[in-house]
Structure formats: C-alpha cells, structure tokens
Amino acid sequence: MTLPSERIADHLAGRPIMVVGRAGMDIYPVPDGTRVEDAQELVNDVGGSSGNIAVSIAKQGHPVMLLSAVSNDGVGRFVTRSLGEYGVDTRHCFVTTGLKRTSLAMAETTTDSPDVTIYRNDAADLAITPAHTEAVDVAALGAIIITGTALSREPSRSACERLVELAGDANCPVVLDIDYRAQAWASPDEAREILAGMARRVQMPVGNDEEFDLIAGGGGRDVAAGLAEGGALVLYKMGEGGCDILEGGGEAHIGIFRVTALKPFGSGDAFLGTTMATLAARAGHQCRGDARRGCGRYRGITARLRASHADCRRNRQLHGKPCYEQHRRGNRLTGDKQDAYCPL
C-alpha cells in the first residue's frame, strides 16, 4: 500500500511548492532582551506565517513561491524584495490599492514574557481573490500550503477554496497549517466550521493539540486519527510532548530536540517548511521514515537556525558580519555533521 507521505513526496519531486497567505514585516528592538518601550534601536525582517514557511523551504534549497498580496508602499516593497533575496518566487505576490496595508509585528526577542504587538487591520494579504488563483499553473506545482489565517476573511477564503478545487483537478496535494489565531477570526465557532471543513478536504492537515481540539470542539486527537484513516498524512504537534505522525492506520512519535530558545515563537513555520523540503528530497525512498526524520532531526536544525535568525540579522546590521560563533553553537546543539551556515 502506498502511504500518503509517499504520494506527497513523489508529487513534490522536481516541482515547486506554493505557500498561500500572510507575509509582513517584523520589527525587533536590539539588543536581545530589550523591551519595546525601552528601545533605542530597531531592526526589521520579513515575517508572517506564510512568508516564514516559504523562506524555510527556500533555505533548504527547494523551489517555492508565495501567493499573497502586499500594500503599495515601502513596507510592501520591503517584504517583496526580502522574500526575493531569500530565494522565494514572488510572481504571485500582488499589490493592493486603497487603505489595505501589509501587516507589521513588533516583537521582543526574549523568553521572559515577550511583548508581541501585531498591526493587521485591513491586512493586504487577505485581498487575494479567486481570480488570482486562476492565474496559477496548479498542474506544475508539487504541493500547496494554506495557512489558517488565509481562511479567516473574504475574499482570501474564497480564493483558497477555489485553489483547493483546482488542486483536486490536478491531483496536487494540499497542506493545511491550521495555525489558529483567535484575533484573526470573527468567532471561535466560525473558525471551527471553516477550518474543520478544510481539514477534511486536504491531504495533509498540520496542527497542535489545541488547534485540533478547536476544530473538533473537543477530542482533537480522535479527529486527527479519523483524518488519517480517511487517507491523509496528519502531523499532530504537542509542543514539549513532540509530534505524532498519523497515516495509513499507523502512527509514529517524534520527541523534541532540546535547544536554548531565544524566543517562544517562530519555530512552527520552520517545522513545516523543513518537513516539506525533506519530503521533496526523499521522493522514491521510504518516505515514512524520512517524514519522521523531517519532523524530528531536521526540524531541530531549522528551528534552531530560525530562532537565531533575528539575532544573526541584527549582528550583520550592527557589525557588518554574520554570527559565525552562534552557528557553531547551533551546529553542536543539533549534532549535524554538515557545516553550520548563516541563514542570511
């Protein structure tokens, strides 16, 4: 029997991945540990869950493009340029008109109750339409990743639904990163209805235990198991409890790889991006084992680099050089046999 992970991996081989949803600008006070209200210096970088996932895939050397929209201003142009510099194909990043704006996030780099303030009213990325999806050559794609935020508002919701229809016609696998953000939705009930419906339509639902509980209305583990029994590859994340991979009537548990965190957010995007790139690189092999490795060892490497990414960016801006010492530490922490590298 061909496992879902094997089917997804085979379709990914040699084809780009399309990520759908938000890309914005992240702003950090420096040095690390500085509170926003005390900041004297700030540095910026591209952010947003979909933008982060796309960058993670690009860092692993797999072709990736982003379907999104940005505002017609300096912030939007910064995001598009930065994505391109990371190797993300932005041909499907559209420019909005009117008062819609690219999202901004002001975030503190600390594990001590960091303040994260996100400005996303009238977010530009939610302006993508079904017409935008019609311009995508879905048959040429290896997979499509849709994030939950892209389903939270119209017309982006209808655009995603149309893209799933086109993917079905082209036998292109679709990944749903549930990625529930309460402030993005009109109500939990609306989120439950929309996200649960989409989870039943895709080939690879991904979420943590709380997110599966949300779409199930309680008992999320049973819902995840049911989706796997229906033919999906399910990644069920549990924070410090690791990740369960459910498919083909079986499951595998992956424990965490402990690192010293710089901040308590951002690694989930690297988790998904690296897992997809790992699956793509293992087409034709025993993909179930490789999916396990992607969710475990490869996640540890990328989450560590993603966690240190903002610090490395700041180091380059402040001192004109990448933080090689930090990446040597990262190399030792992950036990990776390859040379450590700067994610910039």
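Residues numbered from 1 in each chain as written. Predicted model: local features only at pLDDT ≥ 70, side-chain atom pairs only at ≥ 80, totals over all residues. Heavy atoms only, no water.

Q: Is there a simple way to explain the overall build of the protein in this structure?
A: When its secondary structure is counted, the protein shows eleven helices and 13 strands. The buried share among the 344 residues of the protein stands at 53%. Put simply, of all contacts in the protein between residues at least 6 apart along the chain, 71% involve residues at least 24 apart. About 14,500 Å² of surface is accessible on the protein, with carbon and sulfur atoms providing 47% of the total. (Helix = DSSP H or I, 4+ residues; strand = E, 2+ residues; numbered from the N terminus. Buried < 20%, exposed > 50% of the residue type's maximum accessible area, 1.4 Å probe, protein only. Contact = heavy atoms within 4.5 Å. Areas by Shrake-Rupley, 256 points an atom, 1.4 Å probe, with all protein chains shown as cover.)

Q: Help me understand the sheet that holds strand E3 (residues 41-47), please; the structure alone is not making it clear to me.
A: Adjacent strands of a sheet pair through backbone hydrogen bonds, lying either parallel or antiparallel. Pairing within the open sheet is mixed, and its four strands lie in the order E3-E2-E6-E7. At either end of the open sheet lies a strand with only one pairing partner, and these are E3 and strand E7 (116-119). Adjacent strand axes in the sheet meet at a mean angle of 20 degrees when their direction is disregarded. Bridging between strand E2 (residues 24-30) and strand E6 (residues 104-107) involves three bridges; their strand directions are parallel. Bridge assignment links Ile 27 to a residue of E6, and that residue is Met 106. (Pairing = 2+ DSSP bridges. Axes fitted to C-alpha atoms, helices over the stretch in contact; angles between N-to-C directions.)

Q: Explanation requested: the nonpolar core in the structure shown.
A: Where a protein is soluble and globular, its nonpolar side chains tend to be buried together. Of all hydrophobic cores here, the largest spans 42 residues; its most connected members are Val 20, Ile 144, Ile 146 and Leu 151. Residues contacting Ile 144, with those up to four places away along its chain left out, are Met 18, Val 20, Val 138, Leu 163, Ala 167, Cys 172, Pro 173, Val 174 and Val 175. Counting 39 residues, the second largest nonpolar core, distinct from the first, contains Val 46, Val 64, Leu 66 and Tyr 86. (Core = buried A, V, L, I, M, F, W, Y, C linked by side-chain atoms within 4.5 Å.)

Q: Explain the pairing of strand E11 (residues 234-237) to me, please; I cannot follow it from the model alone.
A: A regular strand places its side chains so that they alternate between the two faces of the sheet. Burial along E11 is two-sided: Val 234 and Tyr 236 facing one way and Leu 235 and Lys 237 facing the other are all buried. Note that strand E10 (residues 204-208) and E11 share three bridges and pair parallel. Paired with Val 206 across the bridge in E11 is Leu 235. As judged from the four bridges shared by E11 and strand E12 (residues 243-247), these two strands associate in the antiparallel manner. Considered in E12, the bridge of Tyr 236 is made with Asp 244.

Q: Can you help me understand helix H7 (residues 209-216) in this one?
A: Every α-helix winds through 3.6 residues per turn, so residues three or four apart in the chain are directed the same way. For H7, the complete set of buried residues consists of Glu 211, Phe 212, Leu 214 and Ile 215. For H7, the angular spread of the buried residues around the axis is 155 degrees, confining them to a single face. Residues of H7 that are buried sit in contact with helix H6 (188-201), E10, helix H8 (220-229) and E11. Between a side-chain oxygen at the N-terminus of H7 and the backbone nitrogen of Glu 210 the separation is 3.1 Å; the capping residue is Asn 208. Downstream of H7 by a residue or two, Gly 217 has a phi angle that is positive, lying close to 70 degrees. (Arc of directions from axis to C-beta. Polar contact = N/O pair within 3.5 Å; in protein donor to acceptor, adjacent residues only side chain to side chain.)

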